[in-house]
Amino acid sequence: MTYRGRFAPSPTGPLHFGSLVSALASWLDARAHEGTWLVRIEDIDRPRTVPGAADDILATLARFGMHADEAPLWQSRRMARYEQALAQLKPTGRIYPCGCTRKEIADSLLHAHARNTTLAYPGTCRHGLNGKPARAWRLRVPDGAAAVIAFDDRWQGRQTQNLATEVGDFVLKRADDQWAYQLAVVVDDADAGITHIVRGVDLMDSTARQIYLQRCLGVPTPRYLHVPVVTNELGEKLSKQNGATALDSDRPLEALSAAARHLGLGDLNGQAHTTLDGFYAAATTAWGRRMGVTK
Ligand code: GLU
């Protein structure tokens, strides 16, 4: 099998313990499959991107011994490709311009909530803009049984989501003219030939949307594995926003061992606590065994 995996950090700050866990899981899965591991910098959400953070993340990965097998890919350099994907969808009638403001959507969701009905985007602009200026582009999701997307997650088991009732027609290009994460991630994974996606479980809610978009664009669906995320004392996902501290690049083995324990690999033995090579050898074996990897 040709295995191609990736780690796709958003450069909103330095690598922290939570993102190290995702990086390590994707690295170990690629190594256990004797596959290729890539890094993609997801720097298209301009308001959230912190200057210098991407280089910092790449340097930290290198200090921790995780070297990508190909040059890192930068989403900010791929705008033309996203435009092409949108253009591919236009003649299919699957996408439409949306003129709703955030406030209008929030109000209609509030009403829906009060009526105890769906919290999905109500499809207001499906049949035309009603004189409103176009702000965003949305992908029409199917109705009925076709709206149910199912997949077998390698860690979390069988997942299903009803796109019509739980999500609604979703945004591919935002009102601020920025590409939505859902579109960029699907186009990039497909172009890079990614076969296996390993990432935090906080992103699992996006997976059904991504599978549906893959089908619309006629690209293959990779296998998915969503690892548990690291939380703080309040049970919130550890993130740069809630005070996760940068990793200590001078002591990579400590953080890596803790990340391996978080991934259920237990206490590794052999050379795992002495050298990076020793750690990766022990951790790759443990991961392969735990995940039932056969090459
Ligand atoms: N850039 C996303 C994040 O840092 C990850 C996207 C993905 O792995 O699909 O949360």
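Residues numbered from 1 in each chain as written. Predicted model: local features only at pLDDT ≥ 70, side-chain atom pairs only at ≥ 80, totals over all residues. Heavy atoms only, no water.

1. Observations concerning the packing of helix H1 (residues 17-32) against helix H9 (residues 276-290)
Okay, step 1: Across the interface, H1 lies against H9 with an axial gap of 9 Å and an inter-helix angle of 80 degrees. The orientation of H1 relative to H9 falls into the category roughly perpendicular. Residues Leu24, Ala25, Trp27, Leu28, Asp29, Arg31 and Ala32 of H1 form the contact with H9, whose own contacting residues are Phe279, Tyr280, Ala283, Thr284, Trp287 and Gly288.
Okay, step 2: Its residues assigned to classes, the contact of H1 with H9 shows 9 nonpolar, 2 polar and 2 charged. (Axes fitted to C-alpha atoms, helices over the stretch in contact; angles between N-to-C directions. Helix = DSSP H or I, 4+ residues; strand = E, 2+ residues; numbered from the N terminus. Parallel < 35°, antiparallel > 145°, perpendicular 65-115°, else oblique. Contact = heavy atoms within 4.5 Å. Nonpolar A, V, L, I, M, F, W, Y, C, P; charged D, E, K, R; others polar.)

2. Let's talk about unusual backbone geometry
Okay, step 1: If you check the backbone angles, Glu34 has positive phi at about 55 degrees while not being a glycine.
Okay, step 2: With respect to the element layout, Glu34 can be found in the loop between H1 and strand E2 (36-41).

3. Considering the UniProt feature "binding site: Zn(2+)" (unreviewed entry) in the protein chain
Okay, step 1: Taken from the UniProt record, the annotation "binding site: Zn(2+)" (unreviewed entry) applies to Cys98, Cys100, Tyr121 and Cys125. For the annotated residues, spread through 28 residues, the largest C-alpha to C-alpha distance comes to 10.9 Å, consistent with a single compact locus.
Okay, step 2: Along the chain, Cys100 turns up in the loop between strand E4 (95-98) and helix H4 (102-114).
Okay, step 3: Excluding anything up to four places from it in sequence, Cys100 contacts Ile105, Tyr121, Thr124, Cys125, Lys132 and Arg135.
Okay, step 4: By secondary structure assignment, the location of Cys125 is in the loop between H4 and strand E5 (136-139).
Okay, step 5: Cys125 gets classed as buried once you look at its relative accessible area, which sits at 2%.
Okay, step 6: If sequence neighbours within four positions are ignored, Cys125 has contacts with Tyr96, Pro97, Cys98, Gly99, Cys100 and Lys132. (UniProt positions renumbered as here; feature names shortened; annotations may be inferred. Buried < 20%, exposed > 50% of the residue type's maximum accessible area, 1.4 Å probe, protein only.)

4. What about the environment of Arg154?
Okay, step 1: Relative to the helices and strands, Arg154 resides in the loop between strand E6 (148-153) and strand E7 (157-162).
Okay, step 2: For Arg154 and Arg223, which are 69 residues apart along the polypeptide, the C-alpha to C-alpha distance reads 7.7 Å.
Okay, step 3: Beyond its immediate sequence surroundings of up to four residues, Arg154 is in contact with Asp29, His33, His196, Val198, Arg223, Tyr224, Leu225, Met291 and Val293.
Okay, step 4: Separated by 2.7 Å, the side chains of Arg154 and Asp29 make a polar contact. (Polar contact = N/O pair within 3.5 Å; in protein donor to acceptor, adjacent residues only side chain to side chain.)

5. Details of the side chain of Asp189
Okay, step 1: Locating Asp189 in the fold gives a position in helix H6 (residues 181-191).
Okay, step 2: Under the relative-accessibility criterion, Asp189 is labelled buried at 5%.
Okay, step 3: Separated by 3.0 Å, the side chains of Asp189 and Arg6 make a polar contact.
Okay, step 4: Beyond its immediate stretch of four places on either side in the chain, Asp189 contacts Arg6, Arg40, Ile194 and Ile197.

6. Notes on the pattern of salt bridges
Okay, step 1: This model, assessed by the stated rule, comprises 25 salt bridges.
Okay, step 2: A salt bridge links Glu70 to Arg4; the nearest nitrogen and oxygen atoms lie 3.0 Å apart. With a gap of 66 residues between them, Glu70 in the loop between helix H2 (53-63) and strand E3 (73-74) and Arg4 in strand E1 (residues 4-7) connect regions that are remote in the sequence.
Okay, step 3: Overall, Glu70 belongs to the partly exposed group, its relative accessible area being 37%.
Okay, step 4: With a relative accessible area of 18%, Arg4 lands in the buried category.
Okay, step 5: The partner of Asp189 in a salt bridge is Arg6, with the nearest N and O atoms 3.0 Å apart. With Asp189 in helix H6 and Arg6 in strand E1, this residue pair connects regions lying 183 residues apart in the sequence.
Okay, step 6: One continuous salt-bridge network, built from bridges that share partners, spans Arg6, Arg40, Glu42, Arg78, Arg81, Asp188, Asp189 and Asp191. (Salt bridge = Lys/Arg side-chain N within 4 Å of Asp/Glu carboxyl O.)

7. Side note on the site of the ligand
Okay, step 1: The environment of the ligand is formed by Arg6, Ala8, Pro9, Ser10, Glu42, Tyr181, Val185, Arg199 and Leu203.
Okay, step 2: Measuring from a nitrogen atom of the ligand, one finds a backbone N or O atom of Ala8 at 2.8 Å.
Okay, step 3: A distance of 2.6 Å separates a nitrogen atom of the ligand from a polar atom in the side chain of Glu42.
Okay, step 4: The protein chains hide 81% of the 300 Å² of surface that the ligand would expose on its own.
Okay, step 5: Taken together, the residues that form the shell around the ligand break down as 5 nonpolar, 1 polar and 3 charged. (Near = heavy atom within 4 Å. Areas by Shrake-Rupley, 256 points an atom, 1.4 Å probe, with all protein chains shown as cover.)

8. Digging into the sheet that holds E3
Okay, step 1: Across the sheet, which stays open at both edges, the 3 strands sit in the order E1-E2-E3 with parallel pairing between neighbours. Each having just a single partner strand, E1 and E3 make up the two edges of the open sheet.
Okay, step 2: Sheet topology note: the E1/E2 ladder contains 4 bridges and is parallel. Pairing of Arg6 across the sheet is with Leu38, part of E2.
Okay, step 3: On top of the sheet, H1 reaches E1 and E2; it is set at about 150 degrees to E2, its chief contact.
Okay, step 4: Contacting E1, E2 and E3, H6 crosses the sheet at an angle of about 150 degrees to E2. (Pairing = 2+ DSSP bridges.)

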